[in-house]
Amino acid sequence: MATTTKTVTELPAWKALSAHFQTIDRLHLRELFAQDPKRGERLTVEAAGLYLDYSKNRITDETLALLLELAEQSGLRARIDAMFRGEKINVSEKRAVLHVALRAPKGQSIPLDGEDVVPEVHSVLDRMADFSNRVRGGAWRGHTGKPIRNIVNIGIGGSDLGPVMAYEALKHYSDRAMTFRFVSNVDGTDFVEATRDLDPAETLFIISSKTFTTLETMTNAGSARSWSLAGLAGDEEAIAKHFVAVSTNAKEVTKFGIDTANMFGFWDWVGGRYSMDSAIGLSTMLAIGPDNFRAMLGGFHEIDEHFRTAPFERNLPVIMGLLAIWSNNFFGAQTVAVLPYEQYLKRFPAYLQQLTMESNGKHVTIEGHPLSYDTGPIYWGEPGTNGQHSFYQLIHQGTRLIPCDFIAFHKTLNRLGQQHDMLLANVFAQGEALAFGKTPHEVSAEGSADWLVPHRVFEGNRPSNTILMEQLTPAALGKLVALYEHNVFTQGAIWQVDSFDQWGVELGKVLAQRIIPELINEAEPKFVHDSSTNALIRRHRRFRDKLH
């Protein structure tokens, strides 16, 4: 794989972009559209059923050319090729990054250490499909002979955020005779509320933990085991009928009481935040059925192939990634708002938070050198039109520049009169308002008093992308997720960071393991933390003793 010894800020294209920025920093989108009446039609890309309008970004043709040159000089193409070849581009963990293999069709070959991984992927998919069909069709019965009507997925991080998001996004396609719940937080309230109205005899738990040792997941799994046994006369044999595992640790799975025939594996080349289309998606398949799940995988694959083969100037994830770098590193935008105008996508921004910030929230380069530039903007958002009545005020008239991604669909899955047309009108209006705003002259012309004019002025010049698709289908969801996966890849490759490790989640977890016995042991421990942490532990022990 070709690499560069220069940091990204030393590349000629970056230096040219820095100089170019000084010439257009104050240029307003009103001017750019006035100078080019076709801008809104010209600065668009369409591929694989996705339409991206990026004309409302603060760029010129020269900006785009320089950004594309930056991609070339950064070795982005070589890094894309290396990922698809199965090279170990996760350098700190010495692992390949092959989530693209999870959605590769039968017959395609993706080698890893000389072995084709695609047949193994499809073997797991076939086992998932067989299991899903048995549960959905009633052939799989609980310990007392009742059919399974409730599915509870227990996981955390990628083992929860992906399944939750996918279930909510594809609820229209789900089996409504079944109830799906998701437990992730080690706070016991999460488990209690998820199971309060469920019958243990009709409930199946999916325990999703690659190692089967994840603290939060296994704590909740233990509670689920106790809850099930309490409702099933304490019969240990019931566990095998009411629990399955998504894991690779057969020893711990067996110890728990789960039949390894009902253990669905995945691989160390699948990062948690890239795993919703692996066996981690078992709850998704149970909800929407194997055919719809495979349609989702087809959508993923279509964008994978587009990302792998399309020239950068027509490459959707590359264009979005480059624009994100332009906003983050040159305009100093520290966040990105993702605003889906589709209620089914209400958990999509939360899903993207892990995908984007766990991937590119890094402070050193791949080679371990400290970064001198910002990476990993904060991703956040809510569905439209809800957000319009809460935080859009800050986006429109606040002092911070917040680029926005608007996501919408031409067809609704639930048509009620003209409500979908009203929804789409709001999408288009918000992008227009952010870009062009309202001048003092326009406000005055509407009859506003002079003292009120400053309060009603909209500066505009706020950048946004608009992503349009025909309808939210399983395939469309796969395309949308893959679009952002490769957008994140593009940003990380140019910033020269390892987008596929996540050491930042480790330290707090290690310290928590030390503190747990200090909280629960009867004898007061010897405190070895800082004065604040020691005082907090002592305070909780005092209150715990009073309560018990």
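This structure is a prediction, so every number in the text was calculated from the model and none was measured.

Chemist: Help me out: how do you make sense of the nonpolar core in this one?
Modeler: The nonpolar side chains of soluble globular proteins are, as a tendency, buried together. Within the largest apolar cluster, 132 residues are counted, with the highest numbers of intra-cluster contacts made by W269, F348, L477, L480 and Y484. Excluding anything up to four places from it in sequence, F348 contacts M165, V338, I407, L480, V481 and Y484. Core analysis: the second largest hydrophobic core is formed by 21 residues, V152, A221, A224 and L229 among them.

Chemist: What's the story with the layout of surface pockets in this structure? I'm lost.
Modeler: To locate leftover empty space, one rolls a probe as large as a water molecule over the atoms. Roughly 1100 Å³ of internal volume is contained in the largest pocket. Lining the largest pocket are 38 residues, and of these T214, Q502, V505, E506 and K509 sit closest to its centre. Secondary-structure elements contributing two or more residues to the lining of the largest pocket are helix 7 (158-169), helix 9 (215-231), helix 15 (348-360) and helix 21 (506-520). With four residues, helix 21 is the largest single contributor of residues to the lining of the largest pocket.

Chemist: How do you make sense of the environment of H28 when you look at a structure like this?
Modeler: Relative to the helices and strands, H28 resides in the loop between helix 1 (12-24) and helix 2 (29-35). On the basis of relative accessible area, H28 is assigned to the buried category, the value being 11%. For the pair formed by H28 and F436, sequence separation is 408 residues and the distance between their alpha carbons is 8.3 Å. Once residues within four sequence positions are removed from consideration, H28 is found in contact with A435, F436, E459, G460 and N461. Of the polar contacts made by the side chain of H28, one reaches the backbone oxygen of E459; its length is 2.9 Å.

Chemist: What am I meant to see in the sheet that holds strand 13 (residues 464-469) here?
Modeler: Consider a sheet: its strands pair through backbone hydrogen bonds, and that pairing is either parallel or antiparallel. The strand order across the open sheet built from six strands is 1-2-13-12-10-11, with neighbouring strands paired in mixed fashion. At either end of the open sheet lies a strand with only one pairing partner, and these are strand 1 (44-47) and strand 11 (378-380). Strand-to-strand twist of the sheet, defined as the mean angle between neighbouring strand axes without regard to direction, takes the value 15 degrees. Where strand 1 meets strand 2 (residues 50-53), four bridges bridge the pair, whose relative direction is antiparallel. Among the inter-strand pairings, A47 is bridged to a residue of strand 2, identified as L50. The strands touched by helix 20 (residues 474-495) within the sheet are strand 2, strand 10 (335-340), strand 11, strand 12 (404-409) and strand 13, with strand 13 carrying the most contacts at an inclination of about 150 degrees.

Chemist: Looking at this structure, I do not really get the side chain of Q388. What am I missing?
Modeler: Looking at where Q388 falls in the secondary structure, it is placed in the loop between strand 11 and helix 16 (392-397). In this view, Q388 contacts Y341, N426 and Q430; residues no more than four positions away in its chain are not counted.

Chemist: Would you explain the pairing of strand 5 (residues 150-154) in this entry?
Modeler: Taken residue by residue, a regular strand's side chains alternate between the two faces of the sheet. Burial within strand 5 is extensive, with five of its five residues counted as buried. Judged by which residues are buried, strand 5 turns out to be covered on both faces: N150, V152 and I154 on one side and I151 and N153 on the other are all buried. Here strand 5 runs beside strand 6 (residues 179-183); their pairing, made up of five bridges, is parallel. Paired with N150 across the strands is T179, a residue of strand 6. Handedness of the crossover joining strand 5 and strand 6 through helix 7 is recorded here as right-handed.

Chemist: I'm lost on helix 13 (residues 290-309) in this one. Help?
Modeler: Since the α-helix packs 3.6 residues into each turn, any two residues three or four apart lie on the same face. With 20 residues, helix 13 extends 28 Å between its outermost C-alpha atoms, agreeing within 8% with the 28 Å of an ideal straight helix rising 1.5 Å per residue. Where helix 13 is concerned, the buried positions are P290, F293, M296, L297, G299, F300, H301, I303, D304, H306 and F307.

Thresholds applied
- Residues numbered from 1 in each chain as written.
- Predicted model: local features only at pLDDT ≥ 70, side-chain atom pairs only at ≥ 80, totals over all residues.
- Heavy atoms only, no water.
- Core = buried A, V, L, I, M, F, W, Y, C linked by side-chain atoms within 4.5 Å.
- Buried < 20%, exposed > 50% of the residue type's maximum accessible area, 1.4 Å probe, protein only.
- Contact = heavy atoms within 4.5 Å.
- 1 Å grid on protein atoms, 1.4 Å probe; cavity = no way out; pocket = protein on both sides within 12 Å on 5 of 7 lines; lining within 4 Å.
- Points joined across faces, edges and corners; volume = space filled by probe spheres on them.
- Helix = DSSP H or I, 4+ residues; strand = E, 2+ residues; numbered from the N terminus.
- Polar contact = N/O pair within 3.5 Å; in protein donor to acceptor, adjacent residues only side chain to side chain.
- Pairing = 2+ DSSP bridges.
- Axes fitted to C-alpha atoms, helices over the stretch in contact; angles between N-to-C directions.
- Right-handed = clockwise from strand over helix to strand, strands pointing away.
- Expected span 1.5 Å × (residues − 1).

That is the geometry; function is a separate question.
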